[in-house]
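What follows is the residue order along each chain.
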Amino acid sequence: MPEVVGTKRRLRARWAVAILGPTIALAVAVLSLQAHARHPTIGTPSEATAAAAMFALPDAGVPEDVVVRQELERAIDLRRREDFDRVLDARDEGELIEHATLTDGAFDHHDFAPDALFVVGDELFGYPFRPENGWGHGGADRKAIGYTPELRRVHDGLSGGPDAFGCFSCHSKGGPDGGGTQTQNAFMRGDGDRTGSADQRNAPHVLGLGAVQLLAAEMSAALQAQAAAASERARTEGRRIDQPLTAKGVSFGSLIADPDGTRHYPGLQGVDPDLTIRPFGWKGHQATLRAMIEESLHLHQGLLTNRIQLAVRDGTLDGAPYGHGSWDDLDGDGVSLEIDEGMLTTVVAYLSQLEVPVVRPPRDPSLLDQFAAGRAAFDAIGCAGCHVPTLELDDPKLDARAPQPPGANRPPFIVDVAKDGDGPKVEPKYGGRVTTYLVHLFSDLKRHDVGDALASSAPQGRIPARMFLTRPLWGLAQTAPYLHDGRAPTVQDAIVLHGGEASAARNAYLALDESGRAAVRVFLASLSRQPKLFVP
């Protein structure tokens with residue numbers, strides 16, 4: 001495998017356009033300014049600025065030849081590297097997963113920078129896992145001639161599928177790391193056979209997730225600090241305290257603190273009593289990228305982390321959802337070490353460095369006027385009450401490693417979500433060295449009752465059927481179909497299906513004349529991804 005340190009991206013073979021020569025290559029570059037790149041190949045801030053300027057030109061403009069040529073050279077070089085890896089893996093099976101595997105111990109030595117880890121993470125995210133890697137479950141002879149891996153499209157309860165060979169299988173709509181089509185829906189918590197028994201989920205895009213985790217952590221810390229202060233005040237003053245709970249301008253109701261330290265939560269809204277914001281999953285059930293990745297690998301690929309194995313061994317985790325084998329091979333597939341902690345860290349670091357979606361107003365003057373009107377109407381009719389356009393992030397640094405056990409002294413692996421990896425990134429609010437960062441998420445990261453029409457077939461754990469996390473709208477334009485199960489082919493359909501707490505905003509939208517509703521839809525269609533140049 002060629003040296004990859006310092007390289008930003010790899011392009012995957014599924015993006016197919018022929019490059020026949022310098023002249024045609026330039027034409028393809030001009031015509032291919034769409035969000036279907038595997039990844040950009042920008043290496044330095046100055047190069048990123050140049051590329052952004054190139055894509056910001058009017059539709060009729062032609063990008064500078066020098067910029068296009070530089071980007072093509074990088075993209076073609078990355079393509080050649082991928083071709084080499086694929087052929088090498090065909091000759092020596094397992095070669096790709098070896099290159100995409102970093103143990104937890106490797107992070108203790110910090111032998112690589114975030115950009116190098118990004119490349120390894122991209123390999124891992126795009127890797128089709130195989131039975132010899134621990135994909136799936138069961139005791140069949142996986143090396144026998146004629147053995148065929150069996151997918152299970154309808155999950156068997158909490159045991160999951162597997163229903164895909166890799167992460168990329170369901171995250172490609174609108175571009176790499178995008179959402180899923182309706183045919184890629186996951187049929188979760190079913191009986192293993194009938195689709196009607198399952199709770200369908202449509203895969204969302206995975207852009208900007210590092211910033212989302214950090215926002216949630218800061219909001220959790222704020223709520224928990226308010227609760228602690230209320231308890232201390234109740235104890236000091238010897239009376240019951242009714243404490244409002246807010247974080248980054250979002251209200252989460254209130255709690256009651258008694259002088260004896262007891263807390264009551266009759267007025268709590270949109271968050272669990274532990275006051276931890278959980279921004280991942282359609283219902284908001286996971287607090288961290290690491291936990292979401294671990295769950296997804298189990299449910300969709302049948303892969304178990306060594307954390308799960310050790311927790312079952314120690315009796316701190318019920319092993320039933322994972323299998324009935326011994327702790328070191330719970331799923332009975334003959335593979336003990338399937339996902340090392342270092343592999344989880346790699347994927348966390350990779351996802352944390354992905355681009356954030358952007359707002360791309362239309363260029364046509366008449367549509368631009370409708371965009372502006374739609375943006376104003378979005379606030380006026382109440383959509384922004386839940387789909388909060390912007391949340392401010394205080395600290396953009398994320399530790400990709402697992403939380404340290406008591407007494408451990410392991411070095412962190414820091415990813416700066418405002419700087420590292422693929423652009424565009426979250427933007428600084430101020431120009432100085434000390435600043436907060438603006439995350440144009442269009443979500444309050446809070447659960448809401450959305451009514452019977454959108455209710456899931458059953459509660460998810462302790463989360464009621466009608467409750468869902470406010471889905472971030474950034475990147476919306478590239479992620480149809482819409483809603484948690486992909487039932488809405490258009491934005492109009494998705495809006496009309498809103499109920500419960502969203503009824504007033506829905507009704508206000510429907511009360512607009514057709515021109516007003518069209519303006520809102522034009523605005524929502526601008527919540528997109530930055531165009532990328534790509535070479536197959």
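Parameters and conventions
- Residues numbered from 1 in each chain as written.
- Predicted model: local features only at pLDDT ≥ 70, side-chain atom pairs only at ≥ 80, totals over all residues.
- Heavy atoms only, no water.
- Helix = DSSP H or I, 4+ residues; strand = E, 2+ residues; numbered from the N terminus.
- Buried < 20%, exposed > 50% of the residue type's maximum accessible area, 1.4 Å probe, protein only.
- Contact = heavy atoms within 4.5 Å.
- Areas by Shrake-Rupley, 256 points an atom, 1.4 Å probe, with all protein chains shown as cover.
- Arc of directions from axis to C-beta.
- Core = buried A, V, L, I, M, F, W, Y, C linked by side-chain atoms within 4.5 Å.

*Asks:* Looking at this structure, how should I read the overall build of the protein chain?
*Replies:* In terms of regular secondary structure, the protein chain is built from 14 helices and 14 strands. For the protein chain, with 536 residues in total, the buried portion stands at 53%. Within the protein chain, contacts between residues at least 6 apart in sequence are counted, and of these 69% link residues at least 24 apart. As presented, the protein chain carries roughly 23500 Å² of accessible surface, and 57% of it is formed by carbon and sulfur atoms.

*Asks:* Looking at this structure, how should I read helix α13 (residues 503–511)?
*Replies:* Side chains that are three or four residues apart share a direction in an α-helix, a result of its 3.6 residues per turn. What α13 keeps buried is the set Ser503, Ala505 and Tyr509. Down the axis of α13, the sector holding all buried residues measures 165°, keeping them to one side. Exposed side chains of α13 directed beyond 90 degrees from the buried face belong to Ala504 and Ala511. Buried residues in α13 make contact with α12 (491–496) and α14 (514–524).

*Asks:* Which parts of the structure should I look at to understand unusual backbone geometry?
*Replies:* Excluding glycine, a negative phi dihedral is what most residues carry, and trans is how most peptide bonds are arranged. Each neighbour pair has its own omega, and for Gly161 with Pro162 the value is 15°, a cis peptide bond. Take Pro162: it is sitting in the loop between α6 (114–125) and β1 (186–188). Here Ala480 and Pro481 are connected by a cis peptide whose omega angle stands at 5°. Examined against the element boundaries, Pro481 turns out to sit in the loop between β13 (467–469) and α12.

*Asks:* What should I look at first to understand the nonpolar core in this one?
*Replies:* Of all hydrophobic cores here, the largest spans 72 residues; its most connected members are Phe129, Phe252, Leu351 and Leu445. If one sorts the elements of this core by residue count, helix α7 (residues 209–237) sits on top with eleven residues. Beyond its immediate chain neighbours, meaning those up to four positions away, Leu351 contacts Phe125, Val206, Leu209, Gly210, Leu289 and Ile293. The next biggest cluster of nonpolar side chains, apart from the first, holds 26 residues, and it includes Ile381, Leu476, Ala480 and Val522.

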